[in-house]
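Coordinate analysis (summary)
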Amino acid sequence: MQTQAQNNPAAGIGFIVGAMAAISINDMLVKQLSGGYPLHEIVLIRSAIGIMFSLIFVQLEGGWHILKTRTPGLHALRGIVIVISNLTFFTALAVIPLADATALFFVAPLMITLMSIPILGEKVGPLRLGAVIVGFLGVLLMMQPWAGEAPGGVSRWVLALPVIAAACYALNQVLTRKLGVASKASAMAVYIQGMFIIVSLLVWLVAGDGRFADVTENESLRFLLRPWVIPEGIDRWLLLGLGMNSAVIGYAISQAYRMANAATVAPFEYVGLPMAILWGWLIWNELPGLWVWVGTVLIVGAGLFVFFRERAKARPMIRRRVHRRY
């Protein structure tokens, strides 16, 4: 059943800025915990705590009946895509700076524009196609394929992980627009958290004892495959905060795109980039290098051009819900 579109730009902007702040905290905490815990353990604990708080929101928004859906298969597909997006992004965080990974991920709006051509049958003019090319040029500058060694001394496959995450995120958005799913924000958060729990448990069953971690020296893969560790001390509180934060993200970002037009809300997602730079500087003493700054300017500039071009044409790129990494 379709819901009536709301039009409250101020509330939508407020929710998206709050969501971006929560996402930046989420990414910072995951990176902080990546040295001692496997990724699937972090995600499972985060989602188990997050789904409990999301169920509270379900009660506030109407009760258990809002969890019913006529399209369970679609929700499962979208959940899997979001899980892949999260896992690839977080795996990259184990070895590359937070700001670099975030900047590469922001190529997603440009991928949405490209995917809308074959999947939605939309016509994309030369101006927006030019912006997409500029944005991908920014990605190339950050990855420097012409150099003998990738920036930071990491594998270029690792640098590609945030771009893969962006592609999965973009596919999720295009599917959402094509299929026009309508659900309460809290219900959408529960569906996603549930998928995270299922996938994390499957990874635990296969690799939870860490038997695959010792066969590779790649830190990203080790982050995904290392054995479970019982949280102790302050880590317990960090994981609790991570779970509570994930519930806030799921609700706030869903509400943002329910309450205002995406062309109004989406540009404010870019406030997440300076937040990521701030956390990287405060905690790990990381600041982006010259090529990262240049690539970031190109990616963000191209993305904003696409958003505002869509607004000028009165044809918002994503009319309904958008579910970013959470």
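About the cut-offs
Residues numbered from 1 in each chain as written. Predicted model: local features only at pLDDT ≥ 70, side-chain atom pairs only at ≥ 80, totals over all residues. Heavy atoms only, no water. Helix = DSSP H or I, 4+ residues; strand = E, 2+ residues; numbered from the N terminus. Contact = heavy atoms within 4.5 Å. Areas by Shrake-Rupley, 256 points an atom, 1.4 Å probe, with all protein chains shown as cover. Phe/Tyr/Trp six-rings, centres within 6.5 Å; stacked < 30°, edge-to-face > 60°. pLDDT = per-residue confidence, 0-100. Bend = angle between axes of the 7 residues up to and from the residue. Buried < 20%, exposed > 50% of the residue type's maximum accessible area, 1.4 Å probe, protein only. Expected span 1.5 Å × (residues − 1). Salt bridge = Lys/Arg side-chain N within 4 Å of Asp/Glu carboxyl O. Axes fitted to C-alpha atoms, helices over the stretch in contact; angles between N-to-C directions. Parallel < 35°, antiparallel > 145°, perpendicular 65-115°, else oblique. Left-handed = near helix turned anticlockwise from the far one by under 90°. Nonpolar A, V, L, I, M, F, W, Y, C, P; charged D, E, K, R; others polar. Lys, Arg positive; Asp, Glu negative; His and termini not counted. Patch = residues over 30% accessible without salt bridge, like charges linked within 9 Å, V, L, I, M, F, W, Y side chains within 5 Å.

What follows covers the overall build of the protein chain. Helix and strand content of the protein chain: 13 helices and 0 strands. Mapped in sequence order, the helices and strands of the protein chain form the string α-α-α-α-α-α-α-α-α-α-α-α-α. Residue pairs in contact within the protein chain that sit at least 24 positions apart in sequence constitute 85% of those at least 6 positions apart. Per element, the accessible surface of the protein chain, about 13900 Å² overall, is 69% carbon and sulfur.

Any pair of aromatic rings gets described here by the distance separating the centres and the angle formed by the planes. A complete count under the given rule lists 5 aromatic pairs for this structure. Seen from their ring centres, phenylalanine 105 and tyrosine 169 are 5.4 Å apart, and the 45 degrees between their planes marks the pair as tilted. Of this pair, phenylalanine 105 sits in helix H4 (residues 98-105) while tyrosine 169 sits in helix H7 (residues 156-179); the two residues are 64 residues apart in sequence, bridging distant segments of the chain. Taking 4.8 Å as the distance between ring centres and 35 degrees as the angle between the ring planes, the aromatic pair formed by phenylalanine 106 and tyrosine 270 counts as tilted.

This part takes up the confidence of the model for the protein chain. Any residue range with low pLDDT should be treated as having predicted coordinates unsuitable for detailed reading. Taken as a whole, the protein chain shows an average pLDDT of 83; of its residues, 89% reach a score of 70 or greater. Taken together, the stretch residues 1-5 has pLDDT below 50 and engages in 9 contacts with residues farther than four places along the chain or on a different chain. A low-confidence stretch, residues 316-323 stays under pLDDT 50, and its non-local contacts, those more than four residues away or across chains, total 41 contacts.

In this section: helix H5 (residues 108-120). For H5, the principal kink sits at leucine 114 and spans about 25 degrees; a proline, proline 118, occurs within the next four residues. All of the buried residues along H5 are Ala108, Pro109, Leu110, Met111, Ile112, Thr113 and Ser116. Glycine 121 sits one or two residues past H5 and shows a positive phi near 70 degrees.

This paragraph deals with helix H2 (residues 39-60). The end-to-end C-alpha separation of H2 is 31 Å, in line with the 32 Å expected for 22 residues at 1.5 Å each. Where H2 ends, the next residue or the one after it, glycine 62, has phi of about 145 degrees, a positive value.

In this section: the environment of glycine 12. Turning to its location among the elements, glycine 12 is positioned in helix H1 (residues 9-33). Each C-alpha atom, one on glycine 12 and one on arginine 258, is 7.6 Å from the other, the two residues being 246 residues apart in sequence.

With that settled, consider the pattern of salt bridges. For the structure shown, the criterion picks out 1 salt bridge. In this structure, arginine 211 engages aspartate 209 in a salt bridge whose closest nitrogen and oxygen atoms are separated by 2.8 Å. Given a relative accessible area of 46%, arginine 211 falls into the partly exposed group.

Next up on the list: the packing of H2 against helix H10 (residues 234-259). H10 packs onto H2 with a crossing angle of 50 degrees between their chain directions and a minimal axis gap of 7 Å. Judged on the interaxial angle alone, H10 and H2 are oblique. Here H2 runs over H10; the crossing is right-handed. Between H2 and H10, the contacting residues are Ile42, Ile45, Arg46, Ile49, Gly50, Phe53, Ser54 and Phe57 on the first element and Leu239, Leu240, Leu242, Gly243, Met244, Ser246, Ala247 and Tyr251 on the second.

At a closest axis distance of 9 Å, the pairing of H1 and helix H3 (residues 72-93) adopts a crossing angle of 55 degrees. Judged on the interaxial angle alone, H3 and H1 are oblique. In the crossing of H1 with H3, the sense of the turn from one axis to the other is right-handed. The segment H1 lies against H3, with Asn26, Asp27, Val30 and Lys31 engaging Phe89, Phe90 and Leu93. In terms of residue class, the contact of H1 with H3 is made up of 4 nonpolar, 1 polar and 2 charged.

A positive phi is found at asparagine 285, a non-glycine position, where the angle reads about 55 degrees. Within the fold, asparagine 285 resides in the loop between helix H12 (272-284) and helix H13 (290-312). Classification of asparagine 285 by relative accessible area gives exposed; the value is 64%.

Along the polypeptide, valine 163 turns up in helix H7. Apart from residues no more than four positions distant in its own chain, valine 163 is found in contact with Leu104, Val107, Met111 and Val139.

Turning our eyes to something else, we now look at the side chain of glutamate 41. Mapped onto the elements, glutamate 41 comes out in helix H2. The charged side chain of glutamate 41 is buried without a salt bridge, its nearest counter-charge being arginine 226 at 8.4 Å. The residues touching glutamate 41, leaving out its near neighbours within four places in the chain, are Trp228, Val229 and Pro231.

We now examine a nonpolar patch on the surface. Side chains of Ile198, Leu201, Leu202, Trp204, Leu205, Val206, Phe212, Val215 and Trp228 sit close together on the surface and give an oily, nonpolar patch of about 870 Å² of accessible area. Turning to its location among the elements, valine 206 is positioned in helix H8 (residues 185-207).

As for its placement among the helices and strands, valine 139 is situated in helix H6 (residues 126-143). The buried category is assigned to valine 139, whose relative accessible area is 6%. Residues valine 139 and leucine 298, 159 residues apart in the sequence, show an inter-C-alpha distance of 8.5 Å. In this view, valine 139 contacts Leu104, Val107, Val163 and Ile299; residues no more than four positions away in its chain are not counted.

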